[in-house]
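Structural features, examined
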Amino acid sequence: MSLGLFIQLLVNALTIGSIYILMVLGLDIILRGTKILNFAHGQLYMLGAYVLFLFFQTLHLNFALSLVLSGASLALIGALSYLGIFAVLSRRFTVSTTFSYILLLSAMASVGLMMILQQGTLLVFGTQERGIQSPLPQIIDVFNVRISLMRLIIIFLSLLICICLYLLMYKTTFGKILRAVSYDPEAVTLQGINTSWVFVSCFALGSALAGLAGGIIAPLFSVTPSMGQNIIFMSFLVLLVGGIGSYRGTIAGGLLVGLLLSFGFQFMGGIAELFVFMLVIIILVFRPGGLLGEAAE
Amino acid sequence: MFLEVKDLIVHYGKAEVIKGLSLKVEEKEIVTIIGANGAGKTTTLRTISGLKTPSRGEVWFCGGKISGLKAHKIVRLGISHVPEGRKILAPLSVMENLEIGAYLRKDKKEAVAGFKNIFDHFPILNERRKQIAGSLSGGEQQMLAIARALLNQPKLIMMDEPSTGLSPLVVEQMGLIITDINSRGISIVLVEQNARMALNLAQRAYVLEAGKCVLEGEASAMANDQRVKSAYLGG
């Protein structure tokens, strides 16, 4: 393998990996904060891409602003979905409702949300693929290796979002409350904090991350209504391999799966995905809690 | 009346766990609720703090009805609940736990003064403020839970089994902390398995059995009552 090919595959791996990381950080924030295993996460990602298409391609706003709008719109859609579906559902739960029942019912409700968003998008936008003109089509040449500038920007933006998320979760009162609610909502209620709004915020923040992931990747691939279905299972896989409840685990898992997919496709073709799933099963045999998750310790 | 619980009935599912309980707490008083496991002590506290909704009966605090209000609103009225098992936020740092306790103080300066006050009373928490709360010893975790409750600026603190899992020396220290908090004018409702400690600290006591109050009165008199002695004080 030439150095040029190696670097190109590495850049591809980091691009895919960053998208998974954003997706899974969102999944994890929602899962731990609201106890919802969000099957609709892929559709939120898909909607993020459509919002970007709308603002960037149709209304010709600049890319950065369109991306911010993708995140913001999805935060709003997430908050409304939570209030309309999950908040109503949670009123049926009492202290004696078992945790497994809560998890199952919430996950099923998210499957419902997935179908609503999927079919809604089909109705509005139709089945056709939408292409987005890359805002940065340049190819740069580093030591005779040709690399797409857009891919580097995607990696950079994802890193920037991760840093912002870290600052939000560890340096602001809001983030500290989100982390506290993920651990024990009742203890937080007893400090005079209205946890209902914290749950809404958790779902909105997780949805915003999915929207940003969809928006960032949109110029690289074409936007289709089915793009959410393709990414959700791989995202669950990253969540498991990295470990639930660990940001470092999510990042490690995202990068690992990105590398395996990128290099796997080059040398094995389509069977690479099967190979990734098998490898993850092997990892989980030895570390059932994932690489760095809460359950791993 | 400061705090009054009237004819309370509480269910968990179909099981009636509190069967018509009435009790009163005066301002600046320490009242203890003692009783065996499953007598309904914890449920009583959870109902007062709004974590559990009563099926019937009412709770009044400072002249207003509070039963039916959400738990976070009841804290704002001045009742803090240090729950069973402490419920500290183990993955967060000690300081973050305190910050969440001070959430209701919108004025930043006031919050800083609150932390300083806490650290004066619990210097160990200052030493450990950057540590993860889950790494504290049992006694330190209990202090953190009490400190966090104090930051809510309560008029009444309800403590559920503060002595559980602590060594006798630390239990004694906990007794001093409770007396000290009370001397600042804060009323205390103390639920305890350790009836001896509770009756020493409290002015008045209620004895719960199977969701009903079977005995109430002066704590000192209760400590000498033959029935209480044989049932809760080991002879």
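Residues numbered from 1 in each chain as written. Chains lettered and ligands numbered in written order. Predicted model: local features only at pLDDT ≥ 70, side-chain atom pairs only at ≥ 80, totals over all residues.

**As for the overall build of chain B**
Along the backbone of chain B there are 10 helices and 10 strands. Against the compact-globule benchmark of 18 Å for 235 residues, chain B has a radius of gyration of 17 Å, which places it among compact chains. The principal-axis extent of the C-alpha atoms belonging to chain B is close to 45 × 40 × 30 Å. In chain B, which comprises 235 residues, the proportion classed as buried is 47%. Long-range contacts, defined as pairs at least 24 residues apart, comprise 65% of the intrachain contacts of chain B with a sequence gap of at least 6. (Helix = DSSP H or I, 4+ residues; strand = E, 2+ residues; numbered from the N terminus. Rg over C-alpha atoms; globule rule 2.2 N^0.38 Å. Buried ≥ 20, exposed ≤ 12 C-beta atoms within 10 Å, placed from the backbone. Contact = placed C-beta atoms within 7 Å.)

**With respect to the pairing of strand β3 (residues 30–35) of chain B**
Each regular strand displays side chains that alternate between the two surfaces of the sheet. All names here are of chain B. When you tally the buried positions in β3, you get six out of six residues, the bulk of the element. By the alternation rule, side chains of β3 split into I30, T32 and I34 and V31, I33 and G35, which are all buried. In this sheet, strand β8 (residues 187–192) lies alongside β3 in parallel orientation, the contact comprising five bridges. From the neighbouring strand, I34 faces β8, where its bridge partner is E192. (Pairing = 2+ DSSP bridges.)

**What to know about the nonpolar core**
Residues M23, A49, A213 and V257 of chain A together with A147 and L190 of chain B are the most contacted members of the largest nonpolar core, which totals 157 residues. With near-sequence residues (within four places) excluded, V257 of chain A lies in contact with G17, Y20, M234, L237, V238, V241 and V276 of chain A. (Core = buried A, V, L, I, M, F, W, Y, C linked by C-beta atoms within 7 Å.)

**Structural notes on the sheet that holds strand β2 (residues 15–25) of chain B**
Residue and element names in this part refer to chain B. Here we have four strands laid out as an open sheet, ordered β2-β1-β4-β5, and antiparallel in their pairing. One side of each edge strand has no neighbouring strand; the edge strands of this open sheet are β2 and β5 (64–65). Inspection of the sheet shows strand β1 (residues 3–12) paired to strand β4 (residues 56–61) by five bridges, in the antiparallel sense. In the sheet register, E4 faces β4, and the bridge partner there is W60.

**Digging into the interface of chain A and chain B**
With 18 residues of chain A at the contact, the number on the chain B side is 23 residues. Elements with a minimum of two residues in the side of chain A that touches chain B: α6 (173–183) and α7 (185–189) of chain A. With six residues, α6 of chain A is the largest single contributor of residues to the side of chain A that touches chain B.

**Re helix α4 (residues 108–121) of chain B**
Residues and elements named next belong to chain B. Its 14 residues place the ends of α4 20 Å apart at the C-alpha level, agreeing with the 20 Å of an ideal helix rising 1.5 Å per residue. Where α4 is concerned, the buried positions are G114, F115 and I118. All buried residues of α4 fall inside an arc of 100° around its axis, so they share one side. Among the exposed residues of α4, those pointing more than 90 degrees away from its buried face are K109, V112, A113, K116 and D120. Those residues of α4 that are buried are in contact with α3 (94–101), α5 (123–127) and α6 (138–151). (Expected span 1.5 Å × (residues − 1). Arc of directions from axis to C-beta.)

**Section: the sheet that holds strand β9 (residues 204–209) of chain B**
Residues and elements named next belong to chain B. Pairing within the open sheet is mixed, and its six strands lie in the order β6-β7-β8-β3-β9-β10. If you trace the sheet from one side to the other, it starts and ends with β6 (79–82) and β10 (212–218), each paired once. In this sheet, neighbouring strand axes are inclined to one another by 15° on average, regardless of whether the strands run parallel or antiparallel. Direction of pairing for strand β7 (residues 156–160) relative to β8: parallel, over a ladder of five bridges. In the strand pairing of β8, M159 is matched with L190. Packing against the sheet, helix α7 (residues 168–183) makes contact with β3, β7 and β8, and its axis sits at approximately 155° to β8. (Axes fitted to C-alpha atoms, helices over the stretch in contact; angles between N-to-C directions.)

**A look at helix α2 (residues 41–58) of chain A**
The terminal C-alpha atoms of α2 of chain A lie 25 Å apart, and with 18 residues this matches the ideal 26 Å at 1.5 Å per residue to within 8%. Counting buried positions over the 18 residues of α2 of chain A gives 15, a clear majority of the element.

**Thoughts on the confidence of the model for chain A**
Counting all residues, the mean pLDDT for chain A is 92, and 99% of those residues have values of 70 or more. At the low end of the mean pLDDT range in chain A sits strand β1 (residues 139–142) of chain A, at 84; at the high end sits helix α8 (residues 195–217) of chain A, at 97. (pLDDT = per-residue confidence, 0-100.)

**Topic: the packing of helix α1 (residues 3–34) of chain A against helix α5 (residues 149–171) of chain A**
All names here are of chain A. Where α1 meets α5, the closest approach of the two axes is 9 Å, and the angle between their N-to-C directions is 30°. Here α1 is positioned roughly parallel relative to α5, judged by the angle of their axes. In terms of crossing hand, the pair formed by α1 and α5 is left-handed. Across the interface between the two elements, V11, L14, T15, S18, I21, L22 and L25 of α1 pack against R151, I154, I155, S158, I161, C162 and L165 of α5. Tallied by class, residues from the contact of α1 with α5 come to 10 nonpolar, three polar and one charged. (Parallel < 35°, antiparallel > 145°, perpendicular 65-115°, else oblique. Left-handed = near helix turned anticlockwise from the far one by under 90°. Nonpolar A, V, L, I, M, F, W, Y, C, P; charged D, E, K, R; others polar.)

**A few points about unusual backbone geometry**
Residues and elements named next belong to chain B. Residues other than glycine seldom take positive phi values, yet K28 does so here, at roughly 60°. Residue C62 is not a glycine yet carries a positive backbone phi of 50°. In this structure, C62 sits in the loop between β4 and β5. A residue is classified by how many C-beta atoms lie within 10 Å of it, and C62, with 14 of them, is partly exposed.

**So, the environment of K65 of chain B**
All names here are of chain B. By secondary structure assignment, the location of K65 is in strand β5. When the 12 C-beta atoms within 10 Å are taken as the criterion, K65 is described as exposed. For K65 and L144, which are 79 residues apart along the polypeptide, the C-alpha to C-alpha distance reads 30 Å. Setting aside anything within four residues of it in sequence, one finds K65 in contact with E58 and W60.

**A few points about the pairing of β4 of chain B**
Residue and element names in this part refer to chain B. In terms of strand pairing, β4 meets β5 through two bridges, oriented antiparallel. Directly across from F61, in β5, lies its bridge partner G64. Following β4, the chain reverses through two residues before pairing antiparallel with β5; C62 in that reversal takes a positive phi of roughly 50°.

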